[in-house]
Amino acid sequence: MNVGDTLPPLEIPVTRTLIVAGAIASRDYQDVHHDAALAQEKGSPDIFMNILTTNGLVGRYITDHLGPRAVLRKVAIRLGAPNYPGDTMTLTGTVTAVSGTAVAGTLVAGTVVEIRVVGANGIGHHVTGTVTAEVPA
């Protein structure tokens, strides 16, 4: 893994179930994440995904690539276009820094990697940010 390498994209169908389940799992009971009529009263065309669900999906994207034992040291994300039901969010990543060593292209324990992540949907960029992760011993 080298600076400039890209991670394979991950397509996530944004379903009503994913949005509501993510809100419940993160104990975010704001009506805009589960009640379409109330979301519309507040000016949104439908319910939309909360930041905690997005944060979890970004973490999953990184650990899917680095392995389940990777330790997320820092996740700094910013939301943009909402994720509405029926859309697809595609996560992509680019390695921006590697500190440590790699043997034959494989990261060794203790290596820290910084990855720039973008999650785009049909409206635009839903999430942008940087994840710093460590490959465990």
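None of these values were measured; they are calculated from a predicted model.

Calculation criteria
Residues numbered from 1 in each chain as written. Predicted model: local features only at pLDDT ≥ 70, side-chain atom pairs only at ≥ 80, totals over all residues. Heavy atoms only, no water. Buried < 20%, exposed > 50% of the residue type's maximum accessible area, 1.4 Å probe, protein only. Helix = DSSP H or I, 4+ residues; strand = E, 2+ residues; numbered from the N terminus. Arc of directions from axis to C-beta. Contact = heavy atoms within 4.5 Å. Patch = residues over 30% accessible without salt bridge, like charges linked within 9 Å, V, L, I, M, F, W, Y side chains within 5 Å. Areas by Shrake-Rupley, 256 points an atom, 1.4 Å probe, with all protein chains shown as cover. Salt bridge = Lys/Arg side-chain N within 4 Å of Asp/Glu carboxyl O.

Colleague: Please give an account of helix α1 (residues 16–25) that cites residues and values.
Modeller: Residues Ile19, Gly22 and Ala23 constitute the buried set of α1. Along the axis of α1, the buried positions cluster into a sector of 100°, meaning they face one direction only. In α1, the exposed positions angled more than 90 degrees off the buried face are occupied by Thr17 and Ala25. Elements that come into contact with the buried residues of α1 comprise α3 (51–66). Positive phi appears at Arg27, one or two residues downstream of α1, with a value of about 60°.

Colleague: Can you lay out a nonpolar patch on the surface for me, pointing to particular residues and giving the numbers?
Modeller: Where nonpolar side chains cluster on the molecular surface, the patch consists of Ile51, Leu52 and Leu79 and spans about 240 Å² of accessible area. Relative to the helices and strands, Ile51 is located in helix α3. Exposure remark for Ile51: the relative accessible area of 39% places this residue in the partly exposed category.

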